[in-house]
Amino acid sequence: MGGHLLVPGLLLSLPLTTGWTASNCLVTEGSRLHLVSGFFLTCPWDSSLPFLAACSLVTNPTQALEAVPFVDGLCLGGSTLVLPPDAFSHFLGLRVLGLSPRLTQFLPEALRGLGQLQQLSFICHTSNYLFLPPDAFGNLSSLQYLVFLGPCLDGNSGVWLPPSLQ
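I will try to describe carefully the structure that is included in this document. This is a predicted model, so every value here is computed, not measured.

### Here's the deal with the pattern of salt bridges
Now for step 1: Tallied over the entire structure, the rule returns two salt bridges.
Now for step 2: Here Asp86 and Arg112 are joined by a salt bridge, their closest N and O atoms 2.6 Å apart. Here Arg112 lies in the loop between β7 (105-106) and β8 (119-123) and Asp86 lies in the loop between β5 (82-83) and β6 (96-99), a separation of 26 residues in the sequence.
Now for step 3: Assessed through its relative accessible area of 30%, Asp86 is described here as partly exposed.
Now for step 4: By relative accessible area, which is 36% here, Arg112 ends up partly exposed.
Now for step 5: Across the pair Arg112 and Glu109 runs a salt bridge, and its minimum N-O distance is 3.7 Å.
Now for step 6: One network of salt bridges, with partners in common, ties together Asp86, Glu109 and Arg112.

Conventions we followed
- Residues numbered from 1 in each chain as written.
- Predicted model: local features only at pLDDT ≥ 70, side-chain atom pairs only at ≥ 80, totals over all residues.
- Heavy atoms only, no water.
- Salt bridge = Lys/Arg side-chain N within 4 Å of Asp/Glu carboxyl O.
- Helix = DSSP H or I, 4+ residues; strand = E, 2+ residues; numbered from the N terminus.
- Buried < 20%, exposed > 50% of the residue type's maximum accessible area, 1.4 Å probe, protein only.

Rendered as structure tokens:
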């Protein structure tokens with residue numbers, strides 16, 4: 001009989017996957033967001049997005065994001081002090097981005113390649129101010145919403161808004 005046992009009428013039921021982890025990130029389908037919403041509290045989300053990721057305790061964004069598959073929405077939190085150029089180069093189709101780390105500086109071209117980004121949120125919890133280069137948002141041609149929550153921009157002047165927000 002080859003070591004196989006068949007049992008008629010046996011139904012095997014596996015639980016549905018609601019999310020999986022990659023590095024310090026939780027990735028989920030937008031339709032299952034309500035099941036894991038406790039991990040996504042710091043960012044505004046649209047459950048109609050196919051895939052979302054929330055990354056916490058990030059100290060090196062380049063390293064943390066290498067392990068994340070393609071997503072449509074991304075929330076990044078942690079103790080990052082500088083966001084390097086091309087930080088999101090693996091996410092060219094990203095539509096929603098929420099940043100809640102202790103960012104202190106965006107280097108020029110940190111958001112390069114995010115031409116499909118529609119919503120960008122900064123959530124600042126402390127007086128750790130964010131310093132932006134004047135053209136920080138220059139290539140965000142599809143941006144419809146730019147949100148700053150908290151004391152993010154003290155001391156910034158001359159930051160240009162993308163044409164879609166002017």
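More follows now that the structure is in view.
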